[in-house]
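What follows is each chain in one-letter form.
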Amino acid sequence: MKPRSLSARRIGVLMFSLCAFGLMTSASMTAESKFVVELVVEKKVKELPSAALYWRVENFPTLTQAQGAVGSTSLAAEVAGKVWLFTLGPKDGSTPGGTKVAEIGPLPPISASEYLLRINRAGGAPGAKSSIHTHPGPEVFYVLAGKLGQRTPHGVAYAEAGTTMAGHGADTPMEVFSAGTTDLNQLAIFVVDGDRPFSSPAKLD
């Protein structure tokens, strides 16, 4: 009976160890799959240009130069080792000293008494996804690395590194996720109603 008792004890210890390892692995995978969102820069404005609106994304040699070129609907920031100027305005615009990277639009119409212009940096490991949410205005994306996925009532859309994606109008439920085999790193560019919560929980069927 003694050997059998010892064997049962060893099996119990082994099972406990395997369970503990499984829990640690699960926790590690959860941490690795977290979708991270960071505010880069934002400001509020009272008026927007009257023409159909596009986000113009440009690079500058230095942050000082980009900040010197900021207009009423522009935002300057240093992200991922580069200096960026994001300008909301009509199509085919340009900024002296800047190198155009992308032009995204036209944006769905938006009307408010005050507008929030905001740039977020977001992403995560493959499989990481945001909560389902809405914004009170249109969002567009520029993908720095990895592959972006967005699920909305309109379907699922994707964008690879170096490309853009135009989002939908205000209050569209969405889930954003890392759809590639490497970490997603992307810029989310917003113009939203500045008097409403920036993000609200939502549901997708």
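What counts, and at which threshold
Residues numbered from 1 in each chain as written. Predicted model: local features only at pLDDT ≥ 70, side-chain atom pairs only at ≥ 80, totals over all residues. Heavy atoms only, no water. 1 Å grid on protein atoms, 1.4 Å probe; cavity = no way out; pocket = protein on both sides within 12 Å on 5 of 7 lines; lining within 4 Å. Points joined across faces, edges and corners; volume = space filled by probe spheres on them. Pairing = 2+ DSSP bridges. Helix = DSSP H or I, 4+ residues; strand = E, 2+ residues; numbered from the N terminus. Axes fitted to C-alpha atoms, helices over the stretch in contact; angles between N-to-C directions. Buried < 20%, exposed > 50% of the residue type's maximum accessible area, 1.4 Å probe, protein only. Core = buried A, V, L, I, M, F, W, Y, C linked by side-chain atoms within 4.5 Å. Contact = heavy atoms within 4.5 Å. pLDDT = per-residue confidence, 0-100. Salt bridge = Lys/Arg side-chain N within 4 Å of Asp/Glu carboxyl O. Polar contact = N/O pair within 3.5 Å; in protein donor to acceptor, adjacent residues only side chain to side chain.

Participant: Looking at this model, I keep getting lost on empty space enclosed by the protein. Mind explaining?
Facilitator: Empty space among the atoms can be located by rolling a probe the size of a water molecule over them. Scanning all chains against the criterion turns up one cavity of 30 Å³ or more. Size it by volume and the largest cavity reaches roughly 30 Å³. Around the largest cavity, the lining residues are His 135, Gly 137, Glu 139, His 168, Gly 169, Asp 171, Thr 172 and Met 174.

Participant: Teacher, can you tell me more about the sheet that holds strand β12 (residues 175–178) here?
Facilitator: For sheets, the rule is that strands pair by backbone hydrogen bonds, running either parallel or antiparallel. Across the sheet, three strands lie side by side as β10-β9-β12; this open sheet has antiparallel pairing. A strand with exactly one partner marks an edge of an open sheet, and here the two such strands are β10 (155–160) and β12. Pairwise comparison of adjacent strand axes, ignoring direction, gives a mean angle of 20 degrees for this sheet.

Participant: Which parts of the structure should I look at to understand the pairing of strand β13 (residues 184–193)?
Facilitator: The side chains of a regular strand alternate between both faces of the sheet. Across the 10 residues of β13, 10 count as buried, placing the element largely inside the fold. One ladder, built from 10 bridges, connects strand β6 (residues 115–124) with β13; its direction is antiparallel. Pairing of Arg 121 across the sheet is with Leu 187, part of β13.

Participant: How should unusual backbone geometry be read in this particular structure?
Facilitator: Note: most residues except glycine have negative phi, and most peptide bonds are trans. Of the consecutive residues Gly 105 and Pro 106, the connecting peptide bond is found in the cis state with omega at 0 degrees. We note that Ala 80 has phi near 55 degrees; this positive angle belongs to a residue other than glycine. Positionally, Ala 80 belongs in the loop between β3 (74–79) and β4 (82–89). Accessibility expressed as a relative area gives 43% for Ala 80, which makes it partly exposed. Here the phi dihedral of Asp 92 falls at roughly 65 degrees; this positive angle occurs in a residue that is not glycine.

Participant: Looking at this model, I keep getting lost on the nonpolar core. Mind explaining?
Facilitator: Soluble globular proteins: nonpolar side chains tend toward being buried together. Counting residues in hydrophobic clusters, the biggest one holds 24 residues, and the most contacted among them are Trp 55, Phe 86, Leu 88, Ile 189 and Val 191. For this core, the secondary-structure elements that each account for two or more residues are β1 (36–45), β2 (54–60), β3, β4, β5 (99–104), β6, β8 (139–145) and β13. Discounting chain neighbours no more than four positions away, the residues touching Phe 86 are Trp 55, Arg 56, Val 57, Thr 73, Ser 74, Leu 75, Ile 119, Leu 187 and Ile 189.

Participant: Could you clarify how one ought to interpret the confidence of the model for the protein chain in this entry?
Facilitator: Fine structural detail should not be taken from predicted coordinates in areas where pLDDT scores are low. Across the protein chain, the average pLDDT comes to 89, with 84% of residues at 70 or higher. The model gives residues 1–6 a pLDDT under 50, and that stretch makes zero contacts with residues more than four places away or in other chains. For the stretch residues 11–31, pLDDT sits under 50, and the model shows zero contacts to residues farther than four places along the chain or on other chains.

Participant: Hey, could you run me through the pattern of salt bridges in this one?
Facilitator: Side chains that carry opposite charge are capable of pairing whenever their charged atoms lie near each other. All chains considered together, the criterion is met by eight salt bridges. With a closest N to O distance of 3.7 Å, Glu 42 and Arg 118 form a salt bridge. Here Arg 118 lies in strand β6 and Glu 42 lies in strand β1, a separation of 76 residues in the sequence. By relative accessible area, which is 38% here, Glu 42 ends up partly exposed. Overall, Arg 118 belongs to the buried group, its relative accessible area being 17%. Measuring nitrogen to oxygen at the nearest pair gives 2.8 Å for the salt bridge that ties Arg 196 to Asp 171. Here Asp 171 lies in the loop between β11 (164–166) and β12 and Arg 196 lies in the loop between β13 and β14 (200–201), a separation of 25 residues in the sequence.

Participant: Just checking my understanding: could you explain the environment of His 133 for this structure?
Facilitator: With respect to the element layout, His 133 can be found in strand β7 (residues 133–134). Other than its neighbours up to four places away in sequence, His 133 contacts Thr 172, Pro 173, Met 174, Val 176, Ser 199, Ser 200, Pro 201 and Ala 202. Here the side chain of His 133 touches Ser 131 through a polar contact of 2.8 Å, landing on its backbone oxygen.

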